[in-house]
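Here is how the chains run, residue by residue.
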Amino acid sequence: MENTNASLTHSHTFTKNQKWVIASTSSGFALENMDVLFLSFAMSSMIGQLHLSGGAAGLIGSITNLGMLFGGVIFGLVGDRFGRVKTFTYTIFIFAFATAMMALANNITLIYILRFLAGIGAGGEYGVGISLIAESFHKNQIGKMTSVAAIGGQIGAILAAVTAALVIPTLGWHALFLLGIVPVVLTYFVRRHLTETTEFVQAKKTEKESTTSAVFKYMFSSPKLAYQSFALMIMTTVQIAGYFGLMNWLPIIVQKQLGLNVSGSSLWMIATIIGMSLGMMTFGSILDYFGPRRAFGIFLIASAAMVFTITLAHNTISLLIIGAIVGFFSNGMFGGYGAVISRLYPTEIRSTANNVIVNICRAVGGFSSVVIGILMDHYSLTIVMAFLSVLYIISFITMITLPGLKKMSLNQSTPN
């Protein structure tokens, strides 16, 4: 399905609607990531105050991921059936409300319920926002625009870190979650300034089957389509596994295995996010100009090699530089998955396809932290990095077997 609502030229002058789309989705992803990461920064305070066991505390994140998977499926279908804009605002409201209600949570049962609800909203937002971008821009701009939206998520991480540092020591962790209501303000501007894309409206006029039937038809109805969907899941699982594995464990790995004292955690975070953001913009530009096979090929092979540079870190400065470089390649690809999925699947199921693929992979890929922890207990740092490197090689091999990506690359310079 072509982007009939998108710009017909490669001009860098965006329409007012395009500006609102990218501003809204980037802001939405930023605020969603901020709300989700509040949990990470508040966890130690929650464990101490509520006397939570390690298992009970660890289950909070798992329940959040389960909510993301559930919300991704439900709101993917809702977005494809009833429209992107309204659904986008519903998801923002749900994760904002559930996060703010954590300010009243004083037992683990209520925390589980609220984090599941927050996951539902956060998981539903992704595919709907990506679909808005895909249907508002020229197909050869989607890679860069989805990367801009992904950078918004990293800005949200910085906001979460800064806010947590200011609020928790003075007002406590409950007050931090109360700030989660802020994203509700965004829903006003989205409803006021965004309308459904022409592409979506036209698709609804001509649809001949239910959304659930269309999902099965375009994702799983033939061996070729089923392979494409599962192959994309493999690639996205590797992407998320690498993210959680590296970002959660890298400072600890270096501290334990190399004897370095990583005291500047805020500097580490800033350096890594800068590297990731630069990688996202670079990857998006390569994808739009040369096609996904070349973009993913470069970044996957580089990621497989660059993870070994962690063993070269001998002081804090070298760790910050290596962290930025690893972040550039391993996480620079993140925005590209939404761009590729949006072009491989038609308008009728675009938000569902994005949400199903990404949120299943969030649930599976998140276990990489557990696997790396086990490997660290029994093997050397080189073996741990080899595990991550093999994952990127698997993703590369999977990528080159996808005929849809090859066709997309061959037609990359062809106008709509």
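Note that the coordinates shown come from a computational prediction; the quantities given were computed from them, not determined experimentally.

Describing the nonpolar core
Next up, step 1: In terms of nonpolar packing, the biggest core is built from 99 residues, with Met46, Phe296 and Tyr345 touching the most fellow members.
Next up, step 2: Sort the elements by how many residues they give to this core and helix α1 (residues 16-50) lands first, with 11 residues.

What to know about the packing of helix α5 (residues 142-171) against helix α14 (residues 334-344)
Next up, step 1: It is the contact of α5 with α14, at a shortest axis distance of 8 Å, that shows an interaxial angle of 135°. Looking at the two axes, α5 sits oblique to α14. Along this stretch, α5 crosses α14, giving a crossing that reads as right-handed. Counting all contacts with α5, which are made through Ile142, Gly143, Thr146, Ser147 and Ala150, the residues of α14 involved are Phe334, Gly335, Gly338, Ala339 and Arg343.
Next up, step 2: Of the residues that constitute the contact of α5 with α14, the class distribution is four nonpolar, five polar and one charged.

A look at the packing of aromatic side chains
Next up, step 1: Applying the stated rule across the entire model yields 16 aromatic pairs.
Next up, step 2: Arranged with centres 5.9 Å apart and planes meeting at 90°, the rings of Trp173 and Phe177 form a pair that is edge-to-face. Pair noted here: Trp173 and Phe177 are both in helix α6 (residues 173-178), with a separation of four residues, about one helical turn.
Next up, step 3: Here a set of aromatic residues connected by ring pairs shows up, and it is made of Phe283, Phe296, Phe299, Phe328, Phe329 and Tyr337.
Next up, step 4: Looking at Arg81, its charged tip hangs above the ring of Phe82, at a distance of 5.1 Å from the centre.

What counts, and at which threshold
- Residues numbered from 1 in each chain as written.
- Predicted model: local features only at pLDDT ≥ 70, side-chain atom pairs only at ≥ 80, totals over all residues.
- Heavy atoms only, no water.
- Core = buried A, V, L, I, M, F, W, Y, C linked by side-chain atoms within 4.5 Å.
- Buried < 20%, exposed > 50% of the residue type's maximum accessible area, 1.4 Å probe, protein only.
- Helix = DSSP H or I, 4+ residues; strand = E, 2+ residues; numbered from the N terminus.
- Axes fitted to C-alpha atoms, helices over the stretch in contact; angles between N-to-C directions.
- Parallel < 35°, antiparallel > 145°, perpendicular 65-115°, else oblique.
- Left-handed = near helix turned anticlockwise from the far one by under 90°.
- Contact = heavy atoms within 4.5 Å.
- Nonpolar A, V, L, I, M, F, W, Y, C, P; charged D, E, K, R; others polar.
- Phe/Tyr/Trp six-rings, centres within 6.5 Å; stacked < 30°, edge-to-face > 60°.
- Lys NZ or Arg CZ within 6 Å of the ring centre and 35° of its normal.

Without other data, these values stay purely geometric and don't point to any function.
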